[in-house]
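# Structural description and commentary
This is what each chain is made of:
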Amino acid sequence: TRVESVSQQERVISLEILLTVLEEHEGSEWGSQEWADLLPPEVCSLLNPAAIYANNEISLRDVEVYGFDYDYTLAQYSDTLHPEIFSAARDILVEHYKYPEGIRKYDYNPSFAIRGLHYDIQKSLLMKIDAFHYVQLGTAYRGLQPVPDEEVIELYGGTQHIPLYQMSGFYGKGPSIKQFMDVFSLPEMALLSCVVDHFLGHGLEFDQAHLYKDVTDAIRDVHVKGLMYQWIERDMEKYILRGDETFAVLSRLVAHGKQLFLITNSPFSFVDKGMRHMVGPDWRQLFDVVIVQADKPSFFTDRRKPFRKLDEKGSLHWDRITRLEKGKIYRQGNLFDFLRLTEWRGPRVLYFGDHLYSDLADLMLRHGWRTGAIIPELEREIRIINTEQYMHSLTWQQALTGLLERMQTYQDAESRQVLAAWMKERQELRCVTKALFNAQFGSIFRTFHNPTYFSRRLVRFSDLYMASLSCLLNYRVDFTFYPRRTPLQHEAPLWMDQLCTGCMKTPFLGDMAHIR
């Protein structure tokens, strides 16, 4: 029966029940027993941080060839690398771009930004955008200061919506907005925010486009000049994580007759030292093809760059490449020649990378390869999701959302008072849940209720995603991954979204059964 047809008597009974619920919940923290009544046994340990999650059905039995990026895929780096990138780029701004000395007072804050944020260059706004192009209010920052919601809406013509033509393009770079998609972008976002903060705090005039370009160029210089490579090479133990697990993954695949290849933008000397540290001096014998300085993503689209062979010292050969040999090192090239020379095509190839645009998008959409995204943040986010605090907060949010939807038809004074109280509490709970992940921007996967723009791209460009390559060790090499069927809105049962695997009990559902 529709809510509108509920009798006046039923409505009064329902309101009495819901008011009692509200009074019991308001102003007090529920004890473990009360929450236990809402949460099924072991619901807070449903998700495994070491699991692989599927966006698309894929059987590893059908995969004959495995490909890998290097940085943040084969080689996982410690977070201690980020402060050094930040500090080096900050000093480059001061010493080479002649930025104010006062910028040196800023240190890297690892808790400030998250991956997947957008930056509006002309407005100097760093913000989180959802899958429908809406800015999540409360997540817009100019420098290190939050921008009021009213100002954000005014800046975009009275709406939270960012038009498609302004949004980042296929590779995350639009005409005026850029999306930060890789893990290396965390120190870049932090530095950009600190520099803007200094200029605004000292009343210095600046051109937003020039400042943005200078900061990104300074970050680029850290990579181009080889500073980051030098730090890692000097102390592999400090910076490279899970090297033994990478070795285990590669050895296991080779032992089962799989062919392996490596395509990376990093230089050979750096990759060689890292792989020797993780795998050993004979690491190249595990790979059928090794390509360095590939210049992704143009490697996947530009047919003009030929492969060149490198010798042991990194010197270039001038002979024409007619086949790609095992144990040899190749530089640049392009995917079209790669496909012609290897005949590795379609869904029998599975490629892993950490950058959704540069590593995975073209391979999935243009060439039909299967793809796996490495998302290091996934491990921490799942651990937060598994906490009782998160589960309790989300369960009550969902209950309030359902109550608001069901009872909004009643517009008498008493009903409006109850609805206003629920709206206020729901918003407070959403902010609490957001702050569990990151105080400024929340989870990289969700806005308050919608997927983020990052999540949208993750689902579109990857068949599988996981926290690290070592997650493969938890599965047989012929394992089939089945994505869970998540309900579309018209398939959801009544008004209550089911959490996790759908086993969540709806709070007070029994009491409300009579108003259905």
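Predicted model only: the values in this text are computed from it and were never measured.

Conventions and cut-offs
Residues numbered from 1 in each chain as written. Predicted model: local features only at pLDDT ≥ 70, side-chain atom pairs only at ≥ 80, totals over all residues. Heavy atoms only, no water. UniProt positions renumbered as here; feature names shortened; annotations may be inferred. Helix = DSSP H or I, 4+ residues; strand = E, 2+ residues; numbered from the N terminus. Contact = heavy atoms within 4.5 Å. Buried < 20%, exposed > 50% of the residue type's maximum accessible area, 1.4 Å probe, protein only. Polar contact = N/O pair within 3.5 Å; in protein donor to acceptor, adjacent residues only side chain to side chain. pLDDT = per-residue confidence, 0-100. Axes fitted to C-alpha atoms, helices over the stretch in contact; angles between N-to-C directions. Left-handed = near helix turned anticlockwise from the far one by under 90°. Nonpolar A, V, L, I, M, F, W, Y, C, P; charged D, E, K, R; others polar. Pairing = 2+ DSSP bridges. Phe/Tyr/Trp six-rings, centres within 6.5 Å; stacked < 30°, edge-to-face > 60°. Lys NZ or Arg CZ within 6 Å of the ring centre and 35° of its normal. Parallel < 35°, antiparallel > 145°, perpendicular 65-115°, else oblique. Core = buried A, V, L, I, M, F, W, Y, C linked by side-chain atoms within 4.5 Å. Expected span 1.5 Å × (residues − 1).

As a further point, take the UniProt feature "active site" (unreviewed entry) in the chain. In the UniProt entry, the feature "active site" (unreviewed entry) is given for Asp69 and Asp71. Tracing the backbone shows Asp69 in the loop between strand 3 (65-68) and strand 4 (76-77). When residues no more than four places from it in sequence are discounted, the contact partners of Asp69 are Leu74, Leu262, Ile263, Thr264, Lys296, Tyr351, Phe352, Gly353, Asp354 and Asp359. With respect to the helices and strands, the residue Asp71 is situated in the loop between strand 3 and strand 4. For Asp71, a relative accessible area of 11% puts it in the buried group. Those residues in contact with Asp71 that sit more than four places away from it in its chain are Tyr77, Phe184, Thr264, Ser266, Phe270 and Asp354.

Further remarks concern the UniProt feature "binding site: Mg(2+)" (unreviewed entry) in the chain. The UniProt record marks Asp69 and Asp354 with the feature "binding site: Mg(2+)" (unreviewed entry), using the residue numbering of this structure. The annotated residues occupy 286 residues of the chain but converge on a single region, no pair of C-alpha atoms lying more than 7.7 Å apart. Look at Asp69 and you get buried, because its relative accessible area is 6%. Reaching out from Asp69, the side chain makes a polar contact with the side chain of Lys296 at a distance of 2.9 Å.

Attention now moves to the confidence of the model for the chain. For the chain, the average pLDDT comes to 86, and 85% of its residues sit at 70 or higher. Long-range and interchain partners of residues 494-516, a stretch whose pLDDT sits below 50, account for 55 contacts in this model, where long-range means more than four residues apart.

Take the packing of helix 3 (residues 81-95) against helix 7 (residues 227-234) next. One way to put it is that helix 3 packs onto helix 7 with a least axis distance of 11 Å and a crossing angle of 145 degrees. Viewed along their axes, helix 3 and helix 7 form a crossing whose handedness is right-handed. Contact with helix 3, carried on its side by Leu81, Glu84, Ile85 and Ala88, involves Leu227, Met228, Trp231 and Ile232 of helix 7 and no other residues of that element. Counted by class, the contact of helix 3 with helix 7 contains seven nonpolar, no polar and one charged residues.

So, about unusual backbone geometry. Generally, phi is negative for residues other than glycine and the peptide bonds are trans, each holding for most cases. The omega torsion across Lys296 and Pro297 is 5 degrees, close enough to zero to call that bond cis. For Pro297, the location among the structural elements is in the loop between strand 12 (289-292) and strand 13 (307-310). If you check the backbone angles, Lys98 has positive phi at about 60 degrees while not being a glycine. Relative to the helices and strands, Lys98 is located in the loop between helix 3 and strand 5 (118-120). Despite not being glycine, Gln332 shows a phi value in the positive range, around 55 degrees.

A word on the sheet that holds strand 6 (residues 125-129). Remark on secondary structure: sheet strands pair via backbone hydrogen bonds, oriented parallel or antiparallel. Within the open sheet, the five strands sit side by side as 8-7-6-5-9. Their pairing is antiparallel. In the strand order of this sheet, the two ends are held by strand 8 (145-146) and strand 9 (177-179), each with one partner. Sheet topology places strand 7 (residues 135-142) next to strand 8; two bridges connect them, and they run antiparallel. Residue pairing across strands places Arg142 opposite Gln145, the latter belonging to strand 8.

Another aspect to go through is the pairing of strand 15 (residues 349-353). Burial within strand 15 is extensive, with five of its five residues counted as buried. Going residue by residue along strand 15, you find Val349, Tyr351 and Gly353 tucked away on one face and Leu350 and Phe352 tucked away on the opposite face as well. Bridge analysis of strand 3 against strand 15 gives four bridges, and the strand direction is parallel. Within strand 15, the residue paired with Phe68 across the bridge is Phe352. The sheet contact formed by strand 15 and strand 16 (residues 370-374) spans four bridges and is parallel. By the bridge assignment, Phe352 is partnered in strand 16 with Gly372.

For the rest of this paragraph, the subject is the packing of aromatic side chains. Going through the model one piece at a time under the given rule, you end up with 32 aromatic pairs. Considering the side-chain rings of Trp283 and Phe287, the 5.9 Å spacing of their centres and the 75 degrees angle between planes classify their relative orientation as edge-to-face. As far as burial versus exposure is concerned, Trp283 and Phe287 are alike and both buried. Here the aromatic cluster, defined as three or more aromatic residues joined through ring pairs, consists of Phe261, Phe338, Trp344, Tyr351 and Trp369. Lying over the aromatic face of Phe336, Arg303 brings its terminal NZ or CZ to 3.8 Å of the ring centre.

In contact at an axis separation of 9 Å, helix 12 (residues 356-367) and helix 16 (residues 453-461) are set at 40 degrees when each is read in the N-to-C sense. Here helix 12 lies oblique to helix 16, going by the angle between them. Contact with helix 12, carried on its side by Leu356, Tyr357, Leu360, Ala361, Met364 and Leu365, involves Tyr453, Phe454, Arg457, Leu458, Arg460 and Phe461 of helix 16 and no other residues of that element.

Here we come to the nonpolar core. Residues Phe68, Tyr70, Tyr77, Phe261, Met275, Phe287 and Phe338 are the most contacted members of the largest nonpolar core, which totals 137 residues. Considering each element in turn, this core owes the most residues, nine residues, to helix 5 (residues 185-201). Not counting the four nearest positions on each side in its chain, Phe68 is found in contact with Leu74, Leu250, Leu253, Leu260, Phe261, Leu262, Ile263, Phe287, Tyr351, Phe352 and Leu469. By size, the runner-up hydrophobic cluster in this structure holds eleven residues, among which are Leu400, Leu403, Leu404 and Trp422.

The next subject is the side chain of His82. Structurally, His82 is set in helix 3. Here His82 falls in the buried class, since its relative accessible area comes to 2%. Residues in contact with His82, not counting those within four places in the same chain, are Tyr72, Tyr108, Val183, Leu186 and Pro187.

We now examine the sheet that holds strand 17 (residues 464-466). A sheet is described by the order of its strands in space; here nine strands give the open sequence 1-17-16-15-3-11-12-14-13, paired in mixed fashion. Each of the sheet's edge strands pairs with one partner strand only, and the pair in question is strand 1 (53-54) and strand 13.

What follows covers helix 14 (residues 388-407). Compared with an ideal rise of 1.5 Å per residue, which puts 20 residues at 28 Å, helix 14 spans 28 Å between its outermost C-alpha atoms and is within 8% of the ideal. Judged by how many residues are buried, helix 14 sits mostly within the fold: 16 of 20 residues are covered.

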